[in-house]
Amino acid sequence: MDTILFWGIALGSTAFIFWPFWQKPQEGKTGAQNGNARLQELMTMRDNILAALKDLEFDFQMGKISQEDYQELTDQYRREAIAVLKRIEAANGANPRLQKIENEIRTLRQQKRSAGGHYCTQCGAPVNKMDRFCSQCGHKLKDE
Ligand SMILES: [Zn+2]
């Protein structure tokens, strides 16, 4: 039981420290995606701190740490949580376009579905398979 608890705490701490690094996006990214990834990272940090606080309380109740340590660590985690929450608010404020971009992506997906995946080769507007000309630019569409 103690061994399992030890490894649980050890693995939890490792995940807590390295999680933001695992979250780093691999692909090329636009500024908006960058902001989104940063926000995601901050929210992960917030969740990790809250999880750490819960672990701390559990450890305290199990008598694994002293009242003094518990108080000190709790205060430290709370300060970190507040700092992260402030950064989340700032990141949200710096990305007012996020919601707009999400809406645009949703619209594009809907258009793609309704158009059956056909696009004008000239302007890229979604077109119906039966259309002979693009409704956006008038480009003659190839018969498929
Ligand atoms: Zn077109």
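Just so it is clear, the model here is predicted, and its values are computed rather than measured. (Residues numbered from 1 in each chain as written. Predicted model: local features only at pLDDT ≥ 70, side-chain atom pairs only at ≥ 80, totals over all residues.)

Quick word on the overall build of the protein
Inference 1: Across its full length, the protein carries four helices and zero strands.
Inference 2: Starting at the N terminus and walking to the C terminus, you meet the elements of the protein as α-α-α-α.
Inference 3: Burial status across the protein gives 6% buried among its 144 residues.
Inference 4: For the protein, long-range pairs separated by at least 24 residues make up 41% of all intrachain contacts whose partners lie at least 6 apart in sequence. (Helix = DSSP H or I, 4+ residues; strand = E, 2+ residues; numbered from the N terminus. Buried ≥ 20, exposed ≤ 12 C-beta atoms within 10 Å, placed from the backbone. Contact = placed C-beta atoms within 7 Å.)

Comments concerning the environment of Met43
Inference 1: As for its position among the elements, Met43 is in helix H2 (residues 31-61).
Inference 2: Sequence spacing of Met43 and Val84 is 41 residues, and the spatial spacing of their C-alpha atoms is 8.0 Å.

Structural notes on the environment of Gly124
Inference 1: Tracing the sequence through the fold places Gly124 in the segment after helix H4 (97-115).
Inference 2: When the 11 C-beta atoms within 10 Å are taken as the criterion, Gly124 is described as exposed.
Inference 3: Between the alpha carbons of Gly124 and Cys134 there is a distance of 9.3 Å; along the sequence they are 10 residues apart.

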